[in-house]
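Take a look at the letters that make up each chain.
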Amino acid sequence: MANHSHAGHMPTSGKALVISAWLTGVYFMIELAVGLWTGSIAVLSDAFHTLSAVGGVLVAIIAQRIARRPADSARSFGWYRAEIIGALVNGGFLLGMALLVIWMGAMRLGNPIHLATGPMLWVAFGGLVTEVISLGLMWQSSKDDLNARGALWHIIQTFVGSLLIIVTALVIEFTGFLAIDPILGMAFGVVLLWASVGVIKEAVHILMEGTPEGTDLDAVTADLNGQDGVLDVHHVHAWTLTSGKHAFSAHIRHREPAEAADLLNRAYLRLTEQHGFHMVTLQLETECLDERHARDIDIVQIAAATTAQDKTDVRDAHPPPSPNTEGP
């Protein structure tokens, strides 16, 4: 993973996003025209859902292109986080759409209306074609790209919307059960709500410099402590620059004399090859510096202090019996 460049994964997801934006945009224009021609509220409603998908994909494209910019003196880590900000915006967009769909469904449930099923079916089948193509293009890249995943959920929203239109039209045509439209719409709104919370939660975790998902920081620290010549490892930090690109930094105190260059090389290789970090920064030292000002972010010292405090609390709770000094 250490040798993968950020631009290496951009073209695949970038092309998928652009093609999806064009397909979804063209379909929105067709769906809007059909909705205005027939006067179908259901078709017009789905057209605006499609428009939201176009907006979501455009946000992802813009964020991805900004993220390609090189680092400079003002942004030494580059523009990687633009993708995560794009994912956060898309997550918020999805959250708003979910709440709107649930609210509209609840309002419609109290007063269901008759819908023209013919135009609904034709528009829905046309939408499925474009949405299946878009999903096929974006599915693979979205697995390890949070920005693309946010855009993917917008496409999934329109795909499921088309399916719901077909089911709604058929149920109304054959049973006359008008309430099926708001019921299915509200159910899908709940699914969108769950998806949006997941995207927002992951984006916020990254922006808060959280430990990368799947990284066992205790295991990484123990691995470094097990290297020859290492006395202790402290000020351990792991965070995510953007999807799939994790960074790591730590202070390593070693014996003196020691082959510092060899120790640094071994530690670097283990962190990049065994633990998959994209960027590694290590500080080698023979004695700990005065770091009292930064102890609040040193998880190793915090853990040690917590363990010591727990032992003290146990001793205070169960003191040894005092000797009996009283006479007979």
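The present account deals with the structure reproduced in this document. (Residues numbered from 1 in each chain as written. Predicted model: local features only at pLDDT ≥ 70, side-chain atom pairs only at ≥ 80, totals over all residues. Heavy atoms only, no water.)

## Observations concerning the overall build of the chain
When helices and strands are counted, the chain shows 9 helices and 3 strands. Ordering the α and β elements of the chain from the N terminus gives α-α-α-α-α-α-α-β-β-α-β-α. Classification of the 328 residues of the chain by burial places 42% in the buried group. Within the chain, contacts between residues at least 6 apart in sequence are counted, and of these 72% link residues at least 24 apart. (Helix = DSSP H or I, 4+ residues; strand = E, 2+ residues; numbered from the N terminus. Buried < 20%, exposed > 50% of the residue type's maximum accessible area, 1.4 Å probe, protein only. Contact = heavy atoms within 4.5 Å.)

## So, the packing of aromatic side chains
A ring pair, where both rings are aromatic, is described by two values, the distance of the centres and the angle of the planes. For the structure on display, the rule yields 3 aromatic pairs. Note on Phe 77 and Trp 239: the rings are 6.4 Å apart at their centroids and 85° apart in plane angle, and the pair reads as edge-to-face. Separated by 162 residues along the polypeptide, Phe 77 in the loop between helix H2 (41–67) and helix H3 (81–109) and Trp 239 in strand S1 (residues 230–242) bring together distant segments of the chain. By relative accessible area, which is 43% here, Phe 77 ends up partly exposed. (Phe/Tyr/Trp six-rings, centres within 6.5 Å; stacked < 30°, edge-to-face > 60°.)

## Brief notes about the pairing of strand S2 (residues 245–254)
Most of S2 sits inside the fold, with 9 of its 10 residues counted as buried. As paired strands, S2 and strand S3 (residues 279–285) are joined by 7 bridges and run parallel to one another. Bridged to Phe 248 within S3 is Val 280. (Pairing = 2+ DSSP bridges.)

## Details of a nonpolar patch on the surface
On the surface, a nonpolar cluster with roughly 320 Å² of combined accessible area is contributed by Ile 19, Val 129, Ile 133 and Leu 137. Of all the elements, helix H4 (residues 117–142) adds the most residues to the nonpolar patch, at 3 residues. Relative to the assigned elements, Val 129 resides in helix H4. Val 129 sits in the exposed class, given a relative accessible area of 52%. (Patch = residues over 30% accessible without salt bridge, like charges linked within 9 Å, V, L, I, M, F, W, Y side chains within 5 Å. Areas by Shrake-Rupley, 256 points an atom, 1.4 Å probe, with all protein chains shown as cover. Salt bridge = Lys/Arg side-chain N within 4 Å of Asp/Glu carboxyl O.)

## Brief notes about the environment of Asp 145
The residue Asp 145 is located in the loop between H4 and helix H5 (146–175) in this model. In this structure, the C-alpha to C-alpha distance between Asp 145 and Ile 84, residues 61 residues apart in sequence, is 9.2 Å.

## Here's the deal with the side chain of Asp 223
Along the chain, Asp 223 falls in helix H7 (residues 217–225). Here the side chain of Asp 223 touches His 275 through a polar contact of 2.8 Å, side chain to side chain. The contact partners of Asp 223, leaving out residues within four places of it in the chain, are Arg 270 and His 275. (Polar contact = N/O pair within 3.5 Å; in protein donor to acceptor, adjacent residues only side chain to side chain.)

## Remarks on helix H8 (residues 260–274)
At 3.6 residues per turn, the α-helix brings residues three or four places apart onto the same side. Here H8 contains 15 residues, and its C-alpha end-to-end distance of 20 Å stays within 8% of the 21 Å for a straight helix at 1.5 Å per residue. Of the positions making up H8, those classed as buried are Leu 263, Ala 267, Leu 271 and Thr 272. Angularly, the buried residues of H8 cover 145° about the axis, an arc narrow enough to put them on a single face. In H8, the exposed positions angled more than 90 degrees off the buried face are occupied by Ala 261, Glu 273 and Gln 274. Where the residues of H8 are buried, they touch H7, S1, S2 and S3. Remark: Gly 276 follows H8 within two positions and exhibits a positive phi of approximately 75°. (Expected span 1.5 Å × (residues − 1). Arc of directions from axis to C-beta.)

## Structural notes on H5
End to end, H5 covers 42 Å across 30 residues, agreeing with the expected 44 Å (1.5 Å per residue, within 8%). The element H5 is largely enclosed, with a buried count of 21 among its 30 residues. Positive backbone phi, at 75°, marks Gly 176, one or two positions downstream of H5.

## A word on the pattern of salt bridges
As enumerated under the stated definition, the model contains 4 salt bridges in all. Here Asp 223 and Arg 270 are joined by a salt bridge, their closest N and O atoms 2.9 Å apart. Pair noted here: Asp 223 is in helix H7 and Arg 270 is in helix H8, with a separation of 47 residues, a long-range link. Here Asp 232 and Arg 253 are joined by a salt bridge, their closest N and O atoms 2.4 Å apart. Here Arg 253 lies in strand S2 and Asp 232 lies in strand S1, a separation of 21 residues in the sequence.

## Regarding the sheet that holds S3
Spatially, 3 strands are ordered S1-S2-S3 in an open sheet, and the strand pairing comes out mixed. Single-partner strands in this sheet number two, and they are S1 and S3. Going from strand to strand, the sheet's axes swing by 10° on average, the running direction of each strand aside. (Axes fitted to C-alpha atoms, helices over the stretch in contact; angles between N-to-C directions.)

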